[in-house]
Amino acid sequence: MAVSRLEPGTRSVPPSPSTPLIPSAPPNPSTPPAPDSRRAAVFLDKDGTLVEDVPYNVDPALIRLTRGAIEGLLTLHRAGFPLIVVSNQSGVARGLFDEAALGPVEARLRELLGAAGVPLAGFYYCPHHPDGSVARYAVACGCRKPAAGLIERAARDREIDLGSSWMVGDILHDVEAGRAASCRTILLDVGHETEWKVTPARTPDAVAPDLATAARLILEHGAAVASLGAVERSAASPFRSLARASDPADAGSR
Ligand SMILES: [Mg+2]
Ligand SMILES: [Zn+2]
């Protein structure tokens, strides 16, 4: 897999070399971490990232994992990362389904992943939307991405170190939420972002075509924040030219 570089300097604060950013090896049962140690996690958007995007779907029978999801999550799980879903579910606020309908969705997702040996460490969702039709959910909340609330809540619950964690999603709102929570971010550039309102706060550390590639980038480049790989995918992506310009060897490969 050819991997090229994103422009350095997209993050203002480089990591301290003395601080390991990701686990360097799978957890070793003989040397448990100190009780107060916080772990790096990988936060995952659900729709379009972990599962194929079927708008407002809550039918468990229609849930399909995305290409590369099992491979990528297995890689991350084996490397010791807790895997935590953070999902906007404004269908609740819009009156399209009840919050209770998300239970079977979570159960089916855990079933599909569990069958492949991948546990989920958490499933968090935001049921709100400021323009919703259900009064109690029609609020401007702090948990709807691009806000960082869901990630921060999960981090508190699970004792996650956000500065060494990652957020992976398929649109720039996911990137913005991850960055706002101090995580590093990977955009799955699969054609789901359409507006491309790119600002420094919405610029991913890397771009990947699927979760399998994203997982490899996280493991291979975890300590090199400013030099993460980018893999172009969408013709509409502004990161396409960046990847191409910075790695001529990759330019003719697709
Ligand atoms: Mg999504
Ligand atoms: Zn919310």
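So, here's what we can say about the structure. Small disclaimer: the values here were computed from a predicted structure and weren't measured.

1. A word on the overall build of the protein chain
Argument step 1. Looking only at helices and strands, the protein chain has six helices and eight strands in total.
Argument step 2. For the protein chain, the N- to C-terminal ordering of α and β elements is β-β-α-β-α-β-α-β-α-β-β-α-β-α.
Argument step 3. Partitioning the intrachain contacts of the protein chain with sequence separation of at least 6 by distance along the chain shows that 67% fall at a separation of at least 24.

2. As for unusual backbone geometry
Argument step 1. Cis geometry marks the peptide bond from K145 to P146, where omega comes out at 25 degrees.
Argument step 2. Note that P146 resides in the loop between β4 (122-126) and α3 (149-158).
Argument step 3. The residue E159 is not glycine, and still its phi comes out positive at about 55 degrees.
Argument step 4. Judged by the 13 C-beta atoms lying within 10 Å of it, E159 is partly exposed.

3. Examining helix α5 (residues 211-221)
Argument step 1. Burial runs high along α5: eight of the eleven residues are buried.
Argument step 2. Among the residues making up α5, those that are buried are L211, A212, T213, A214, A215, L217, I218 and H221.

4. Some thoughts on the nonpolar core
Nonpolar side chains tend toward joint burial in soluble globular proteins.
Argument step 1. In this structure, V42, F43, I84, I151, A154, V168 and A214 are the most contacted members of the largest nonpolar core, which totals 54 residues.
Argument step 2. A total of six residues in this core trace back to one element, the largest contributor, which is α5.
Argument step 3. When neighbours within four sequence positions are excluded, F43 is seen to be in contact with I84, V86, I151, A154, S165, W166, M167, G178 and C183.

5. Some remarks on the pairing of strand β5 (residues 166-169)
Consecutive side chains along a regular strand alternate between the two faces of the sheet.
Argument step 1. Residues W166 and V168 line one face of β5 and the alternating positions M167 and G169 line the opposite face, and both faces are buried.
Argument step 2. Here strand β2 (residues 42-44) runs beside β5; their pairing, made up of three bridges, is parallel. When the bridges of β5 are listed, L44 appears paired with V168.
Argument step 3. Note that β5 and strand β6 (residues 184-188) share four bridges and pair parallel. Among the inter-strand pairings, V168 is bridged to a residue of β6, identified as I186.
Argument step 4. Each parallel crossover has a hand, and for β5 linked through helix α4 (residues 172-180) to β6 it is right-handed.

6. A look at the packing of helix α1 (residues 69-78) against α5
Argument step 1. Taken N-terminus to C-terminus, the directions of α1 and α5 make an angle of 20 degrees; their axes are 6 Å apart at the nearest point. Taken as axis vectors, α1 and α5 run roughly parallel relative to one another. Contact with α1, carried on its side by A69, E71, G72, L73, T75 and L76, involves L211, A212, A214, A215, R216, I218 and L219 of α5 and no other residues of that element.
Argument step 2. Taken together, the residues of the contact of α1 with α5 break down into nine nonpolar, two polar and two charged.

Reading the values: the criteria
- Residues numbered from 1 in each chain as written.
- Chains lettered and ligands numbered in written order.
- Predicted model: local features only at pLDDT ≥ 70, side-chain atom pairs only at ≥ 80, totals over all residues.
- Helix = DSSP H or I, 4+ residues; strand = E, 2+ residues; numbered from the N terminus.
- Contact = placed C-beta atoms within 7 Å.
- Buried ≥ 20, exposed ≤ 12 C-beta atoms within 10 Å, placed from the backbone.
- Core = buried A, V, L, I, M, F, W, Y, C linked by C-beta atoms within 7 Å.
- Pairing = 2+ DSSP bridges.
- Right-handed = clockwise from strand over helix to strand, strands pointing away.
- Axes fitted to C-alpha atoms, helices over the stretch in contact; angles between N-to-C directions.
- Parallel < 35°, antiparallel > 145°, perpendicular 65-115°, else oblique.
- Nonpolar A, V, L, I, M, F, W, Y, C, P; charged D, E, K, R; others polar.

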